[in-house]
Amino acid sequence: MLHDIPPLAEVRRVTEKKRDAWWTVLLVDPVATPLVRFTARRARWVTPNGITWAALVLGLGAAACFAQGDWRWLLAGAALYHVSFVLDCMDGKLARLTGTGSVFGAWLDYVFDRVRVLFCAVALMGGQYVRTGDVLYVWLALAVVFLDMLRYVDALQIFKIRHGMRKQIKARARQARRAGAEREVAFMEDLLRDNPEADTEVGTRADADAADAAGAAGAAGVVAVPVAGAAADGGPEGAGLPGAAVAPVPTGVVDLHQEFRSRFPWYARFRTFLLRRRIRTHLVSGIEFQMAVFIVGPAVGALVPVTVGAAVLLMVFELAIIYKLLLSTRDFARTLASFDAQEKEERPEQPAAA
């Protein structure tokens, strides 16, 4: 029934991600979300997997246009690619709205995205190579395919590492609970994702900020675990680092980005500004890279400089993410060390032998 589909405001809340690429937030969601609601109301025979297939067909159509090489065909290909991406965003939204998502559908969406990029890159640069004979376009095709693969492989591996760190911390918290300490794990990034206004940090987190975060965790029914604190002079401290000492903060939450925040005090305000608008701080990711190569470059007639510029920016942001991961692993080591220190303090001393 039509009345089963909620109003548009509720559809936005249910289907739109809390953080997404700025291209999606600004140029896709305003179109895709109303279309998803319309589809759910008027075309219930449409499935998320069907939309995924339609997105692939339009993407291959864009590749066919790119292969022609002429600027008019490039414009047509750019338009088709954007429509294809709108559909690519609609499949997940429809799945979340109607509860018809599947594991296979997620796999299909991921694989089709990579197929679309591959065909469009070869067709776009190949068409320009046939038209001009410039071998530079062959190298650009290889670069686009390689960078797209690198971005998504790196994203998957970083996700696995971060998930593994969180899993280990939760395991240590369960171990502490079995030992008699009533504690649950709260992660700072989760609190900030749910409530961007809670990000009051400027530079290194002070005790008051830790108390505020712990209060937010308590309001959600979560008792925070101790984590290593920050040095008074703004430098990190914790076990596992040269010259560091563990300093548990009983009212803290687990913050795996503490050292990064202390080194870049402006990041908290910048992140909060974007998060309030649902925009993630990874401003040039795989999505923006694709849009630059397959939409902006062909549309403005500057394929080479736009592709090269987007490639450089993508690598800059990837290196920044890798650096942030490195600092996060240090915070992870300090967090585990704080568990060890607290367990040692709580362990009763053995009486000395006579």
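Described below are features of the structure shown in this document. What you see is a predicted model; the values in this text were computed from it and never measured.

The rules behind each value
- Residues numbered from 1 in each chain as written.
- Predicted model: local features only at pLDDT ≥ 70, side-chain atom pairs only at ≥ 80, totals over all residues.
- Heavy atoms only, no water.
- Salt bridge = Lys/Arg side-chain N within 4 Å of Asp/Glu carboxyl O.
- Helix = DSSP H or I, 4+ residues; strand = E, 2+ residues; numbered from the N terminus.
- Buried < 20%, exposed > 50% of the residue type's maximum accessible area, 1.4 Å probe, protein only.
- Phe/Tyr/Trp six-rings, centres within 6.5 Å; stacked < 30°, edge-to-face > 60°.
- Polar contact = N/O pair within 3.5 Å; in protein donor to acceptor, adjacent residues only side chain to side chain.
- Contact = heavy atoms within 4.5 Å.
- Expected span 1.5 Å × (residues − 1).
- Axes fitted to C-alpha atoms, helices over the stretch in contact; angles between N-to-C directions.
- Parallel < 35°, antiparallel > 145°, perpendicular 65-115°, else oblique.
- Core = buried A, V, L, I, M, F, W, Y, C linked by side-chain atoms within 4.5 Å.

## What about the pattern of salt bridges?
Next up, step 1: Applying the stated criterion to the full structure yields 16 salt bridges.
Next up, step 2: The partner of arginine 116 in a salt bridge is aspartate 88, with the nearest N and O atoms 3.4 Å apart. Highlighted residues: arginine 116 in helix α5 (residues 103-132) and aspartate 88 in helix α4 (residues 71-98), separated in sequence by 28 residues. Accessibility assignment for this pair places arginine 116 and aspartate 88 in one class, buried.
Next up, step 3: Here glutamate 259 ties to arginine 330 by a salt bridge, and the two come within 3.3 Å at their closest N and O atoms. With a gap of 71 residues between them, glutamate 259 in helix α9 (residues 258-263) and arginine 330 in helix α12 (residues 303-346) connect regions that are remote in the sequence.
Next up, step 4: In this structure, a network of salt bridges that share partners links the residues Arg12, Glu16, Asp29, Lys93 and Arg278.

## Section: the packing of aromatic side chains
Next up, step 1: Under the counting rule described, the total for this entry stands at 12 aromatic pairs.
Next up, step 2: Ring geometry for tyrosine 81 and phenylalanine 294: centres 4.9 Å apart, planes at 40 degrees, overall tilted. You can see tyrosine 81 sitting in helix α4 and its partner phenylalanine 294 sitting in helix α11 (residues 286-300), a full 213 residues away along the chain.
Next up, step 3: The buried category is assigned to phenylalanine 294, whose relative accessible area is 0%.
Next up, step 4: One aromatic cluster is present, formed by Phe260, Phe264, Trp266, Tyr267, Phe270 and Tyr323 through successive ring pairs.

## Topic: the side chain of serine 328
Next up, step 1: In this structure, serine 328 sits in helix α12.
Next up, step 2: Polar contacts involving the side chain of serine 328 include one to the side chain of arginine 162, which spans 3.3 Å.
Next up, step 3: With residues up to four places along the chain from it excluded, the contact list for serine 328 reads Arg162, Met165, Leu256 and His257.

## Quick notes on helix α3 (residues 48-68)
Next up, step 1: With 21 residues, α3 ought to run about 30 Å at 1.5 Å a step, and its terminal C-alpha atoms sit 31 Å apart, in line with that.
Next up, step 2: Along α3, the residues that are buried comprise Pro48, Ile51, Thr52, Ala55, Leu56, Gly59, Ala62, Ala63, Cys65 and Phe66.
Next up, step 3: Each element contacted by the buried residues of α3 is listed here: α4, α5 and α11.

## As for the packing of α4 against α5
Next up, step 1: Interhelical geometry of α4 versus α5 gives an angle of 175 degrees and a closest axis separation of 12 Å. Between α4 and α5, the angle is such that the two are roughly antiparallel. Counted together, Leu74, Tyr81, Ser84, Phe85, Asp88 and Asp91 of α4 and Asp109, Asp113, Arg116, Val117, Cys120, Leu124 and Gln128 of α5 form the full contact between these two elements.

## Examining the nonpolar core
Next up, step 1: In terms of nonpolar packing, the biggest core is built from 48 residues, with Phe66, Tyr81, Leu124, Met125, Phe289 and Phe294 touching the most fellow members.
Next up, step 2: Looking at which element gives the most residues to this core, the answer is α4, with 10 residues.
Next up, step 3: Grouped together as the second largest cluster of nonpolar side chains are 12 residues, Ile158, Ala173, Leu256 and Phe339 included.

## With respect to unusual backbone geometry
Next up, step 1: One non-glycine residue with positive phi stands out, namely arginine 278, at about 70 degrees.
Next up, step 2: One can find arginine 278 in the loop between α10 (266-275) and α11.

## Digging into the environment of leucine 142
Next up, step 1: Within the fold, leucine 142 resides in helix α6 (residues 136-178).
Next up, step 2: Judged by its relative accessible area of 51%, leucine 142 is exposed.
Next up, step 3: Separated by 24 residues in the primary sequence, leucine 142 and leucine 118 place their C-alpha atoms 9.4 Å from one another.

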